[in-house]
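# Observations on chain architecture
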Amino acid sequence: MGTQLLIGGRFYSSSSPDATAMAVSDGTVVWLGAERPGRALHPDAEVIDLDGAFVAPAFVEPHVHVTALGLQLTGLDLSATRSVAELLDAVRAHASAHPDGVILGDGWEETRWPEGRPPTPEEIDAAAGPGRRVYLARIDAHSAVASTALLDSVPGVTAAAGYRAGEPLREQAHHLVRRAALGALDRARRDDARRAALDHAAAHGVVAVHECSGPDIAGRDDVRELLAFEHGVRVRAYWGEAVRTAEEAKALLTDLGVHGLGGDLFVDGSFGSHTAWLRRPYADTPGTGTSFLDAAAIAEHVRACTEAGIQSGFHAIGDAALDAVTTGLRRAADALGAPAVAALGHRVEHAEMLDAGQIAELAALGVIASVQPVFDAAWGGPDGMYASRLGAERAAALNPFAAMAAAGVSLAIGSDAPVTALDPWAAIRAATEHRTPGHGISPRAAFAAATRGAWRAGGVRDGVAGTLVPGAPASYAVWDAGELVVAAASDSVQRWSTDPRSRVPGLPSLAPDSALPRCLRTVRDGVTIFEA
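Residues numbered from 1 in each chain as written. Predicted model: local features only at pLDDT ≥ 70, side-chain atom pairs only at ≥ 80, totals over all residues. Heavy atoms only, no water.

In the nomenclature of an unreviewed UniProt entry, the protein corresponds to Amidohydrolase 3 domain-containing protein from the organism Nocardia puris.

## Re the overall build of the protein
Within the protein, the regular secondary structure consists of 20 helices and 22 strands. By the compact-globule yardstick of 24 Å for 532 residues, the protein fits well, its C-alpha radius of gyration being 23 Å. Taking the principal axes of the C-alpha coordinates as reference, the protein spans close to 75 × 55 × 45 Å. Relative to its full complement of 532 residues, the protein shows a buried share of 57%. Taking the intrachain contacts of the protein between residues at least 6 apart in sequence as the baseline, contacts between residues at least 24 apart amount to 73%. Counting only carbon and sulfur atoms, one obtains 51% of the accessible surface of the protein, whose full area is about 20,100 Å². Positive and negative side-chain charges of the protein, numbering 45 and 64 respectively, have mean locations separated by a distance of 3 Å. (Helix = DSSP H or I, 4+ residues; strand = E, 2+ residues; numbered from the N terminus. Rg over C-alpha atoms; globule rule 2.2 N^0.38 Å. Buried < 20%, exposed > 50% of the residue type's maximum accessible area, 1.4 Å probe, protein only. Contact = heavy atoms within 4.5 Å. Areas by Shrake-Rupley, 256 points an atom, 1.4 Å probe, with all protein chains shown as cover. Lys, Arg positive; Asp, Glu negative; His and termini not counted. Charge placed at Lys NZ, Arg CZ, Asp CG, Glu CD.)

## Here we look at the pairing of strand 22 (residues 527–531)
Relative to strand 22, strand 21 (residues 518–524) runs antiparallel, the two being bridged by 4 bridges. For arginine 521, the partnering residue across the bridge sits in strand 22 and is glutamate 531. (Pairing = 2+ DSSP bridges.)

## Topic: helix 18 (residues 424–432)
Burial within helix 18 is extensive, with 8 of its 9 residues counted as buried. If you check which residues of helix 18 are buried, you get Pro424, Trp425, Ala427, Ile428, Arg429, Ala430, Ala431 and Thr432.

## Remarks on the packing of aromatic side chains
Tallied over the entire structure, the rule returns 11 aromatic pairs. When the ring of phenylalanine 59 is compared with that of tryptophan 479, the centres are 6.0 Å apart and the planes differ by 65°; the resulting orientation is edge-to-face. Within this pair, whereas phenylalanine 59 is found in strand 7 (residues 59–64), its partner tryptophan 479 is found in strand 18 (residues 476–480), the two being separated by 420 residues in sequence. Using a relative accessible area of 2% as the deciding quantity, one classes tryptophan 479 as buried. Among the aromatic residues, those joined into a cluster by ring pairs are Tyr12, Phe59, Trp425, Phe447 and Trp479. (Phe/Tyr/Trp six-rings, centres within 6.5 Å; stacked < 30°, edge-to-face > 60°.)

## Considerations on the pattern of salt bridges
Overall, the coordinates contain 31 salt bridges when judged by the stated rule. Of the charged contacts in the structure, one is a salt bridge between aspartate 222 and arginine 194, with a shortest N-O distance of 2.9 Å. Pair noted here: aspartate 222 is in helix 8 (residues 220–228) and arginine 194 is in helix 7 (residues 187–202), with a separation of 28 residues, a long-range link. This pair shows no difference in class: aspartate 222 is buried, exactly as arginine 194 is. In this structure, arginine 220 and aspartate 255 form a salt bridge, with 3.0 Å as the shortest nitrogen-oxygen distance. Remark: aspartate 255 occurs in helix 9 (residues 246–256) and arginine 220 occurs in helix 8; sequence separation between them is 35 residues. Note on aspartate 255: relative accessible area 41%, which makes it partly exposed. Linked by salt bridges that have partners in common, Arg187, Arg190, Asp191, Arg194, Asp222 and Glu225 make up one network. (Salt bridge = Lys/Arg side-chain N within 4 Å of Asp/Glu carboxyl O.)

## Here we look at the sheet that holds strand 10 (residues 134–138)
Strands sit in the order 8-9-10-11 across an open sheet of 4 strands; the sheet is mixed. Only two strands of the sheet have a single partner each, and these edge strands are strand 8 (76–77) and strand 11 (144–146). Examined bridge by bridge, strand 8 and strand 9 (residues 103–108) share 2 bridges and lie parallel to one another. Of the residues in strand 9, the one forming a bridge with aspartate 77 is aspartate 106.

In structure tokens, the structure reads:
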């Protein structure tokens, strides 16, 4: 591979915050410093002039659904629709342009529409045409609407939990219809979607993604195909299926080729679909949501995975769901010892509705929280969807990143794409510009959670992954960025500096009115996987 010397840049490096040059040899960072000594030390290196660009450790996306993201990027994206009528127009146009096959769409959100309701199966039938199978997932992917033809093709759906005529499909009814819709795709379309998603990740400075799959998400064939798919972006796969014994855990891991038994292993659903599991009823509808796993099943799964040496994890959003997770983890720790449980770095995905006791328990047991700050940017605030679903007081307590970090909970920042856009800088900004004062974290902490923290969430704990220091893997991204600053969290006292003598590496400004950096090149282990 040889040696490359990058000159004329600005580098985000804790060991050399004033560096203007970096040497990379055989996929490893070997030196950082000033240009002149760099040229003297590496006289035979290939010289790459960065022309003032910003170079930082590449991102890791710790929660994504690769095929689903690709289908959104290449198909019917409904996230910009502003009414039922606009959605139906989009379906009508897509059906006309694609007269054959199942129609898949996602991203709609009725809380932002003047009608305040989703489309009905009859409206979808009229827009798509008679006999067309149509599956349209809500933005959170925990409920969906479908055409009559698709519903009629799924045996037993009307008797399944979560089916109510004329309403969005939830729970098991949703899972059955989703499985049928995705099962109608051929391999070529699935591979096109995967390529689009991973190309998109690389174009946003991402070198690795954590696929969160499961039997009710994309199915076994999808995760096997994804792991066999060749691309420069590394895929670490999690499978969300509960097990009871270490032998069962090992067999499942071997059968599927996945790396962990967690990710979207559902304890509950989402606030938007009224399926997050709450201690008290929703503010805008009766009921406390949906429980898929109780504390006993969680304890059994954690114990089995710990005994097998496998990382586990759970999707948990509501406070009752997180009660079940913390209780289950504690029971496993009482049986096996807290150090044994903590050593595996088990994960909880989303972890939105946490109280101080739950935070302390997660910290004590070494649990990693895989969080999505753009959820708060999209749905937080006094007028947001969270306040509608929960009431203002409960909504304001969601996603307490500062309290989690202060207690010692390791954070990994991601997107849950296609639920929110795969855009790491937007996620970092959302973590610093939290809608609840006191919940935001500093840009440096958020950047660390999207790089070092995300590598750690995937089991990489070598102390250098996600950094630019000698000995670190040469996985980095080159950005077109403005002036670099050093800043505290947005709701604390700001401490700005552009002076490299501060010995603190600067980051691009993440102020709300600032343009986010644009990726020019993404490099994984010394190999370029994206170039603008």
